[in-house]
Amino acid sequence: MWRNIRIAILIAILAIVGGGAWLDQRRTTSWEYTVRVGAFPVNADGSAAAASYIAALDAAQLRPVSDFIAREARRYGVTIDTPVDIRLYPPPAAAPPVLAPDAGLIGRALWSLKLRHYRSQVVGDIARSRPKIALFLLYHDPARSPTLPHSLGLQRGLTGVVHLFATRAQAEQNAIVTTHELLHTFGATDEYDPVNDAPLYPGGYAEPLREPRYPQHFAEIMAGRVPLGPGRQEMPDDLSQVVIGPVTAAEIGWREH
Ligand SMILES: [Zn+2]
């Protein structure tokens, strides 16, 4: 019986604290003010490769992300010059909590509580003009991790946990992944089929009304791939081959649904 009571109390706490909106999201999607985004690099595997990559990291490497959002915002008639301003902060003392791939509902809720606590500590350490959105950029040595854990962007928590490769050769792909997760924090949803990575129609298409439909020339950011034909798609080289499609634009408040 005690076990059941403990679980009931835990669920009640999670419902109150974890279930509601973590943070105020309205101001981030009004697009009337520049949204400050804090980027916090983390050495994910304790490797020398990640350490030297982070040491050499500067704000210029995050510019393609904010430039992309500014370029696309303009295309949708958003008038603010700088929709997002991404600042690079020093690495936090500890890495963010890890979500186990097999985590159930309670495991996920507990992780989200831990992440919320972690985020408030990291952002709380910043003296002035704290970022509205926190992106934790977790760098991995590609020689150790040929594949990366799933990245996550949470609108409720205004937080992204982004797994990236610690190599300049992956800079363009890192920028695409970072942009994708950042847009999740603005309310964008995935537009690809997790089973085969195929972009979903119409949301995952840059030009859904294009005739003929294939091949498409751009990737939609929340789909991440350029549709070439039914069941055929390829990765874009860099953000110049990526756009924000009309469905995503509506989700983040750039146009009416
Ligand atoms: Zn996603």
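The paragraphs below set out a description of the structure included in this document. Just so we're clear, the structure is a prediction, and the values are computed from it rather than from any experiment.

Considerations on the overall build of the chain
Scanning the chain from terminus to terminus reveals six helices and nine strands. Relative to the globule expectation of 18 Å for 257 residues, the C-alpha radius of gyration of the chain, 19 Å, shows essentially globular dimensions. By principal-axis analysis of the C-alpha atoms, the chain measures approximately 65 × 45 × 40 Å. Looking at the chain as a whole, 43% of its 257 residues qualify as buried. Across the chain, the fraction of contacts at a sequence separation of at least 24, relative to all contacts at a separation of at least 6, is 67%. For the chain, the exposed area adds up to about 13400 Å²; of that, 55% sits on carbon and sulfur atoms. With 25 positive and 25 negative side-chain charges, the chain shows a separation of 8 Å between the mean positions of the two kinds.

Some remarks on the side chain of H163
Mapped onto the fold, H163 is located in strand β5 (residues 159-165). Classification of H163 as buried rests on a relative accessible area of 12%. Engagement of the side chain of H163 in a polar contact is seen with the side chain of H140, the distance being 2.9 Å. Discounting residues that sit within four places of it in the chain, H163 has contacts with L138, H140, L148, P149, H150, S151 and V177.

A few points about the environment of L14
On the secondary structure map, L14 appears in helix α1 (residues 2-18). We classify L14 as buried; its relative accessible area is 9%. A C-alpha to C-alpha distance of 44 Å links L14 and L228, two positions 214 residues apart in sequence.

A word on helix α3 (residues 63-75)
The first and last C-alpha atoms of α3 sit 18 Å apart over 13 residues, in line with the 18 Å expected at 1.5 Å per residue. Every buried residue of α3 is accounted for by V65, S66, F68, I69, A70, E72 and A73. Residues of α3 that are buried in the fold lie against β2 (84-88), α5 (171-185) and β9 (242-243). Backbone geometry just downstream of α3 places G77 in the positive-phi region, at approximately 80 degrees.

Points about the packing of aromatic side chains
Summed over the entire model, instances satisfying the criterion amount to nine aromatic pairs. Centre to centre, the rings of Y53 and Y139 are 5.0 Å apart; their planes meet at 45 degrees, and the pair counts as tilted. With Y53 in helix α2 (residues 48-56) and Y139 in strand β3 (residues 133-140), this residue pair connects regions lying 86 residues apart in the sequence. An identical accessibility class is assigned to Y53 and Y139; each is buried. These aromatic residues form a ring-pair network of at least three members: W31, Y76, F186 and W254. The ring centre of Y201 lies 3.6 Å from the NZ or CZ of R213, which sits over that ring.

Some points on the packing of α3 against α5
At their nearest, the axes of α3 and α5 sit 9 Å apart, and the two run at 55 degrees to each other. In terms of axis orientation, α3 runs oblique to α5. The way α3 lies across α5 gives a crossing that is right-handed. Note on element contacts: α5 touches α3 through A175, T178, T179, L182 and L183, opposite P64, V65, F68 and I69. Grouping the constituent residues of the contact of α3 with α5 by class yields seven nonpolar, two polar and no charged.

Re the layout of surface pockets
Size it by volume and the largest pocket reaches roughly 920 Å³. Lining the largest pocket are 30 residues; nearest its centre among them are H150, S151, V177, E181 and Y192. Sorting the residues of the lining of the largest pocket by element identifies β4 (152-154), β5 and α5 as the ones contributing at least two each. If one sorts the elements of the lining of the largest pocket by residue count, α5 sits on top with seven residues. Of the residues in the lining of the largest pocket, the class split is 14 nonpolar, eleven polar and five charged.

Structural notes on the nonpolar core
Counting residues in hydrophobic clusters, the biggest one holds 41 residues, and the most contacted among them are Y139, L182, L183, F186, I221 and W254. Elements represented by at least two residues in this core include exactly β1 (35-43), α2, α3, β2, β3, β5 and α5. Beyond its immediate stretch of four places on either side in the chain, F186 contacts T28, T29, W31, V35, V84, I133, Q155, E251 and I252. Counting residues in each nonpolar core, the second largest holds 14 residues, with F40, V122, A134 and V161 among its members.

What counts and what doesn't
Residues numbered from 1 in each chain as written. Predicted model: local features only at pLDDT ≥ 70, side-chain atom pairs only at ≥ 80, totals over all residues. Heavy atoms only, no water. Helix = DSSP H or I, 4+ residues; strand = E, 2+ residues; numbered from the N terminus. Rg over C-alpha atoms; globule rule 2.2 N^0.38 Å. Buried < 20%, exposed > 50% of the residue type's maximum accessible area, 1.4 Å probe, protein only. Contact = heavy atoms within 4.5 Å. Areas by Shrake-Rupley, 256 points an atom, 1.4 Å probe, with all protein chains shown as cover. Lys, Arg positive; Asp, Glu negative; His and termini not counted. Charge placed at Lys NZ, Arg CZ, Asp CG, Glu CD. Polar contact = N/O pair within 3.5 Å; in protein donor to acceptor, adjacent residues only side chain to side chain. Expected span 1.5 Å × (residues − 1). Phe/Tyr/Trp six-rings, centres within 6.5 Å; stacked < 30°, edge-to-face > 60°. Lys NZ or Arg CZ within 6 Å of the ring centre and 35° of its normal. Axes fitted to C-alpha atoms, helices over the stretch in contact; angles between N-to-C directions. Parallel < 35°, antiparallel > 145°, perpendicular 65-115°, else oblique. Left-handed = near helix turned anticlockwise from the far one by under 90°. Nonpolar A, V, L, I, M, F, W, Y, C, P; charged D, E, K, R; others polar. 1 Å grid on protein atoms, 1.4 Å probe; cavity = no way out; pocket = protein on both sides within 12 Å on 5 of 7 lines; lining within 4 Å. Points joined across faces, edges and corners; volume = space filled by probe spheres on them. Core = buried A, V, L, I, M, F, W, Y, C linked by side-chain atoms within 4.5 Å.

Keep in mind these values describe shape, not function.
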